[in-house]
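# Fold and contact review
Here is what each chain is made of, one letter per residue.
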Amino acid sequence: MHIHILGICGTFMGSLAVLAKQLGHHVTGSDANVYPPMSTQLEAQGIELMEGYDASHLQPEPDLVVVGNAMTRGNPAVEYVLDKGLKYTSGPQWLSEHLLQEKWVLAVSGTHGKTTTATILAWILEYADMKPGFLIGGVPHNFDVSARVGDSIFFVIEADEYDTAFFDKRSKFVHYRPRTLILNNLEFDHADIFPDLAAIQRQFHHLVRIVPQNGQIVLPQGQPALDEVIEMGCWTPVVSTGIGEQQAEWQARLLGEDGTHFEVLHNGEVQGTVEWTMTGMHSVNNALVAITAARNVGVQPHDAIAALNQFGGVKRRMELVGDVADVKVYDDFAHHPTAIETTLEGLRAQVGEAPVIAIIEPRSNTMRMGVHQQHLAQSVKQADQVFWYQPPGLDWDLDQVVADSPVPANLLRSTEEIIQQVAAQAQPGSHIVVMSNGGFEGIHGRLVEALKSPAETESES
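What counts, and at which threshold
- Residues numbered from 1 in each chain as written.
- Predicted model: local features only at pLDDT ≥ 70, side-chain atom pairs only at ≥ 80, totals over all residues.
- Heavy atoms only, no water.
- Helix = DSSP H or I, 4+ residues; strand = E, 2+ residues; numbered from the N terminus.
- Rg over C-alpha atoms; globule rule 2.2 N^0.38 Å.
- Contact = heavy atoms within 4.5 Å.
- Lys, Arg positive; Asp, Glu negative; His and termini not counted.
- Charge placed at Lys NZ, Arg CZ, Asp CG, Glu CD.
- Buried < 20%, exposed > 50% of the residue type's maximum accessible area, 1.4 Å probe, protein only.
- Core = buried A, V, L, I, M, F, W, Y, C linked by side-chain atoms within 4.5 Å.

### Here's the deal with the overall build of the chain
Of regular secondary structure, the chain possesses 16 helices and 23 strands. For 461 residues, the compact-globule estimate of 2.2 N^0.38 gives 23 Å, and the C-alpha radius of gyration of the chain, at 22 Å, lies within 12% of that figure. Oriented by its inertia axes, the alpha-carbon framework of the chain measures out at about 60 × 55 × 45 Å. Taking as baseline every contact in the chain between residues at least 6 positions apart, the subset at least 24 positions apart corresponds to 64%. Each charge class in the chain was averaged separately, 28 positive and 56 negative side chains, and the resulting centres sit 7 Å apart.

See below:
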């Protein structure tokens, strides 16, 4: 079957394309934003990418068009599909009907950390020789591909609350019918489709409603918005996790302030010690919920802990992309004040007094609407300096964020200016974190090049 995917370079749709190819389909796709790592992954899989949404991409007519949730009425490809009466469906619906029906689905939901936690969980199952399938909104270093069908009944999926398609406004995750569900955290986000937190909580409760009573829900303590969701009604056993003194079934006891070293306890008994490269309390929490979910499908804690000690991380999640003259450059996907704050807290705990420079593009739909602007200034308090990028088309001005900043802040409207200023100010021992959920005009690689001395550049040529 020839499947054409509209919006193929989105993190979910790109992963779905990989699965469809593995199932034997001929897969092509269109997108207006073609950039790594998804574009390079798709090309490596032999999937043809077409720039833009021209109707000619659908000629000759494919057997099925899978429509991404970024597609809207008025899009030339969408209008052609409707006018010609082509067969179409959404990505989550296709996945449900063609792959998940016979699977034990382990779903990872929450405002933050879905990609990393789903990757950790998939890696734990892989390490335990359970050969899981997975669909992850990023490219894990332990797998080097964001999705695969797998060779067992187990399937790990990043369960997003964003809507399904222009013709299906339910959250994506209600299509997945998980048996094991992680509810990792919950804050207001996606202001372009949700009016308030209560609206998101209703969608999460729709998810809770479909988890069977012989399944399991994993829930960290200290998440009042999720506690309220459970209080709406729950028919499935809930297992709690916590850090430190919290009275949870699964706990972490910190052996280092940066989150790289901690003990795992079950009902107060030590199961083993994690020593890994991830940092921050959010990473410890992600590890705990993944260990707990893996135990639900039979993975022993000592195996899960051994897997964590060999965890390689995820591309674009605090990924070290360059180290030039002892100046380290990281690429991070953070696009919400809480994610920015926890990422910088984790880095600060790891590097101590070393200089930390943050470069941030407010690019998500919610950010572009200005919903979180009052929280942005304080989110960077663990940095020594921050460079805010004012992208074209942003609906509000970042001047007040800069004025309220607790650390020295700059507002620039050109990535070239950012690169010049950061390269001039960086000193040996500096850590530079670039935060955006988009391509950011390739600023990461350009900055690494700019940091190189003329001598280094000449030696490479």
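### Quick notes on unusual backbone geometry
Generally, phi is negative for residues other than glycine and the peptide bonds are trans, each holding for most cases. In this structure, proline 60 follows glutamine 59 across a cis peptide bond, with omega equal to -5 degrees. Even without being glycine, lysine 131 reaches a positive phi, approximately 50 degrees. Position of lysine 131 relative to the elements: it lies in the loop between α5 (114–127) and β7 (133–135). A positive phi is found at alanine 325, a non-glycine position, where the angle reads about 50 degrees. Mapped onto the elements of the fold, alanine 325 is located in the loop between β18 (319–324) and β19 (327–332).

### Quick notes on the side chain of threonine 111
Relative to the assigned elements, threonine 111 resides in the loop between β6 (104–109) and α5. Take threonine 111: its relative accessible area is 9%, and that puts it in the buried class. Once residues lying within four places of it in the same chain are set aside, the contact partners of threonine 111 are Glu161, Asn185, Leu186, Glu187, Asp189 and His336.

### Notes on the nonpolar core
In terms of nonpolar packing, the biggest core is built from 89 residues, with Leu95, Leu121, Ile124, Leu125 and Leu183 touching the most fellow members. Per-element tally for this core: the top contributor is helix α8 (residues 281–296), with eight residues. Contact partners of leucine 121, with chain neighbours within four places excluded, come to Leu106, Val108, Val156, Ile182, Ala290, Ala293 and Ala294. Counting residues in hydrophobic clusters, the runner-up holds 22 residues, among them Tyr330, Ala358, Leu394 and Trp396.

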